Amino acid sequence: MSVIKFLDLGSQPIANGFLNKENFDKEFFFNLSVGLDDETGLVTQMEYVSPDIMFNDSYAYRGSLSKTMRDHFAEAKKRISAYLPENPKVLEIGSNDGVFVKNWNPATTFAVEPCENFAKETISLGYDTYSSFWSVELAENIKNTNGLMDLIFAANCMCHIPDLDGTFKAVESLLSDEGLFVFEDPSLIEMLSRNSYDQIYDEHAHIFSVTAVNKILNRNGLKVVNVEPISVHGGSNRIWAMKMSSQSKFLFDLEHFLTFESLVGVDDLNILSSFAERVEGSKIALINLLQKLQDDGNKVISYGATSKSTTIFNYCGIDSSLIEYITDTTPEKQGLYSPGTHIPILKAPSQIEQDVDVAFLGAWNFEKEIRNKENLFVERGGKFITHVPEVTLR
Ligand code: TMP
């Protein structure tokens, strides 16, 4: 197996590593490059950052702050429950602040979360929470204590784990015979079509195509039974898998889906290289636009201190000379500085401040929610910048 590099996003810090001034000179950087695994077709980073540098008790991303995500997981619960027995045993891998598990009965729901700050929160809500990284040993331990699971769920977590074989093996060992393994992660097709290269950052060890995931699941005793494209996180797939031996039938045509991905070219190095060229074009367009806005006397800020915007700001070299500050609703991020380019992060005011002319959408995946909330800004002629799928001021 070899991984062939097609994209280089340069030197990057920890995407969620919001920091204070005292730590500027101790910041960790790595080279963020992406390649294609010629055996499975997996799009994956050339050099993984060690998980404990990213996921620890100062992890700042909090899933339940956005109404979009709270609604999304309440809906996911309803949708998946229809395929489960009564009183199912449920386990979530990467439970964050409990935004998904909160929808389920604490007596039969278990959580795995390596970031202790968040594990404490689900424990206080009554959910048995294992504060460690997912592994074959942990799955064994959970099985011995609680038995097999009817549902193993993971949202924006599987793509974070470098060793997918070990991860899927552990899932297979803890799943009941007809149990469901449902996981959602950003979709490679969506990233290619939206030019959303900011999906790539330290935590996203891989960007999944169904083609690649299917191969890796298969060699670990699991099969894809359903795929649902979903809108969250800038376009994701919710992949449903079961044990190879499962008898359940789903009205889903996997071959058709795989043919579609093959036509798009998800594992075609030429297609991936032309994406890399579009990324370079996006960088030039964004810098030119920000420079012009500044020359014309506009005050530009950024909306949402996202991991995605860490990739953009560091790749494009955007610092506080072009974007004055970032606003964010997450208390853990406020008062700190953005990783790498050190733009100050302020508490999001109830409305964008009066003197702001333009806001870059760091959280472009919440554009609808943000436009609704910022109606006064929009009414007074304020504009947003998005780089998806092209750099645009609107
Ligand atoms: P995400 O794109 O990784 O989900 O992160 C979204 C970030 O944007 C998170 O830190 C919260 C922040 N945010 C705001 O500050 N205001 C908003 O209205 C929304 C929707 C998100």
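Check the entry above for the structure.
Attention now moves to the packing of helix α7 (residues 210-218) against helix α8 (residues 254-264). One way to put it is that α7 packs onto α8 with a least axis distance of 9 Å and a crossing angle of 130°. If you check the angle between α7 and α8, you find them oblique. Facing α7, whose interface residues are Val-210, Thr-211 and Asn-214, α8 presents Leu-254, Phe-257, Leu-258 and Glu-261. Of the residues assigned to the contact of α7 with α8, the class counts are 4 nonpolar, 2 polar and 1 charged.

Close to the ligand lie 18 residues; Lys-308, Asp-328, Thr-329, Lys-333 and Lys-373 are nearest. In this structure, Lys-308 approaches the ligand through a side-chain N or O atom, which is 2.8 Å from an oxygen atom. Here an oxygen atom of the ligand sits 3.3 Å away from a polar atom, N or O, in the side chain of Asn-365. Burial of the ligand by the protein amounts to 95% of the accessible area it has alone, namely 490 Å². Sorting the residues of the shell around the ligand by element identifies β13 (326-328) and α11 (367-373) as the ones contributing at least two each. For the shell around the ligand, the element with the most residues is α11, which contributes 3 residues. Among the residues forming the shell around the ligand, the class breakdown is 6 nonpolar, 7 polar and 5 charged.

A separate point is the pattern of salt bridges. A complete count under the given rule lists 18 salt bridges for this structure. Shared partners join several salt bridges into a network, and the residues in it are Arg-62, Asp-97, Glu-121 and Glu-332.

Before going further, it helps to examine the packing of aromatic side chains. With the rule as written, the count across this model stands at 21 aromatic pairs. Pairwise contacts between aromatic rings join Phe-73, Phe-100, Trp-104 and Phe-153 into one cluster. Over the ring of Trp-104 we find Lys-77; its NZ or CZ atom is 5.1 Å from the centre of that ring. Between the NZ or CZ atom of Lys-283 and the centre of the ring of Tyr-315, over which it lies, the distance is 4.4 Å.

On to the environment of Asn-288, then. As for its position among the elements, Asn-288 is in helix α9 (residues 269-295). With relative accessibility at 48%, the residue Asn-288 sits in the partly exposed group. Residues Asn-288 and Arg-219, spaced 69 residues apart in sequence, show a C-alpha to C-alpha distance of 47 Å.

Turning to its location among the elements, Lys-333 is positioned in the loop between β13 and β14 (345-347). A distance of 2.9 Å separates a polar side-chain atom of Lys-333 from the backbone oxygen of Ala-305. With residues near it in sequence (within four places) discarded, Lys-333 still touches Asn-16, Phe-18, Ala-60, Ala-305, Asp-328 and Ile-345.

Our focus in this paragraph is the pairing of strand β4 (residues 90-93). Side chains Val-90 and Glu-92 project from β4 onto one buried face, and the interleaved Leu-91 and Ile-93 project onto a second face that is buried too. The pairing of β4 with strand β5 (residues 109-112) spans 4 bridges and is parallel. Bridge assignment links Val-90 to a residue of β5, and that residue is Thr-109. Sheet analysis places β4 next to strand β7 (residues 149-155), joined by 3 bridges and oriented parallel. In the strand pairing of β7, Glu-92 is matched with Phe-153.

A few words now on the sheet that holds strand β10 (residues 222-230). Ordered by their spatial adjacency, 7 strands build an open sheet running β6-β5-β4-β7-β8-β11-β10, and the pairing between neighbours is mixed. Edge positions in the open sheet fall to β6 (128-130) and β10, since each of these has one partner strand only. On average, each strand axis in the sheet is inclined to that of its neighbour by 20°, with strand direction left out of account. Sheet topology places β5 next to β6; 3 bridges connect them, and they run parallel.

Further remarks concern the side chain of Asp-202. Within the element layout of this structure, Asp-202 appears in the loop between α6 (188-194) and β9 (206-207). Sequence-distant contacts of Asp-202, defined by excluding residues within four places in its chain, comprise Pro-13, Ile-14, Ala-15, Phe-30, Gln-45, Val-49 and Met-54.

Next up on the list: the state of the cysteines. This model, assessed by the stated rule, comprises 0 disulfides. Not engaged in a disulfide, the cysteine Cys-159 finds its nearest cysteine sulfur in Cys-157; these two sulfurs lie 8.0 Å apart.

This next bit is on the sheet that holds strand β2 (residues 29-37). Strand order in this open sheet of 4 strands is β1-β2-β3-β9, and the pairing throughout is antiparallel. The open sheet has two free edges, formed respectively by β1 (3-13) and β9, since each of these has just one partner strand. Pairing analysis gives 8 bridges linking β1 to β2, with the strands arranged antiparallel. Within β2, the residue paired with Asp-8 across the bridge is Ser-33. Contacting β1 and β2, helix α10 (residues 307-316) crosses the sheet at an angle of about 85° to β1.

Rules and cut-offs
Here the residue numbering is sequential within each chain, running from 1 through the sequence in written order. Selection of residues for local features in this predicted model requires a pLDDT of at least 70, selection of side-chain atom pairs for listing and counting requires 80 or more, and totals for whole chains, interfaces and linings are taken over all residues. Side-chain metrics in this entry use all non-hydrogen atoms of the structure; hydrogen atoms and water are not considered. For every element, the axis is a line fit to its C-alpha atoms; helices are fit only across the contacting stretch, and the angle between N-to-C directions ranges from 0 to 180 degrees. Under the DSSP-based scheme used, a helix requires at least four consecutive residues in state H or I and a strand at least two consecutive residues in state E, with every element numbered from the N terminus. Should an angle fall under 35 degrees it is taken as roughly parallel, and over 145 as roughly antiparallel, whereas 65 to 115 is taken as roughly perpendicular and any remaining angle as oblique. Whether two residues are in contact is decided by their heavy atoms: any pair within 4.5 Å suffices. Polar here means any residue other than Ala, Val, Leu, Ile, Met, Phe, Trp, Tyr, Cys and Pro, which are nonpolar, and Asp, Glu, Lys and Arg, which are charged; Gly is therefore polar. The nearness test applies per residue and asks whether one of its heavy atoms lies within 4 Å of the molecule or strand. Think of a polar contact as two N or O atoms within 3.5 Å of one another; within protein, one of them needs to be a possible hydrogen donor and the other a possible acceptor, and neighboring residues in sequence only count if both atoms come from side chains. Calculation of accessible area relied on Shrake-Rupley with a 1.4 Å probe; when residues are assessed, cover is drawn exclusively from the protein chains displayed. Salt bridge, as used here: a side-chain nitrogen of Lys or Arg that lies within 4 Å of a carboxyl oxygen of Asp or Glu. Between the rings of Phe, Tyr and Trp (Trp by its six-membered ring), a pair exists once the centres lie within 6.5 Å; its type follows the angle of the planes, with under 30 degrees stacked, over 60 edge-to-face, and the other angles tilted. In this scheme, the term charge over a ring applies when either NZ of a lysine or CZ of an arginine sits within 6 Å of the ring centre and within 35 degrees of the ring normal. Burial here depends on accessible area, computed with a 1.4 Å probe over protein chains only, as a share of the maximum for the residue type. Under 20% is buried, over 50% is exposed, and the range in between is partly exposed. Two strands are said to pair when DSSP picks up at least two bridges between them. Criterion for a disulfide: a pair of cysteine sulfur atoms at a distance within 2.5 Å.

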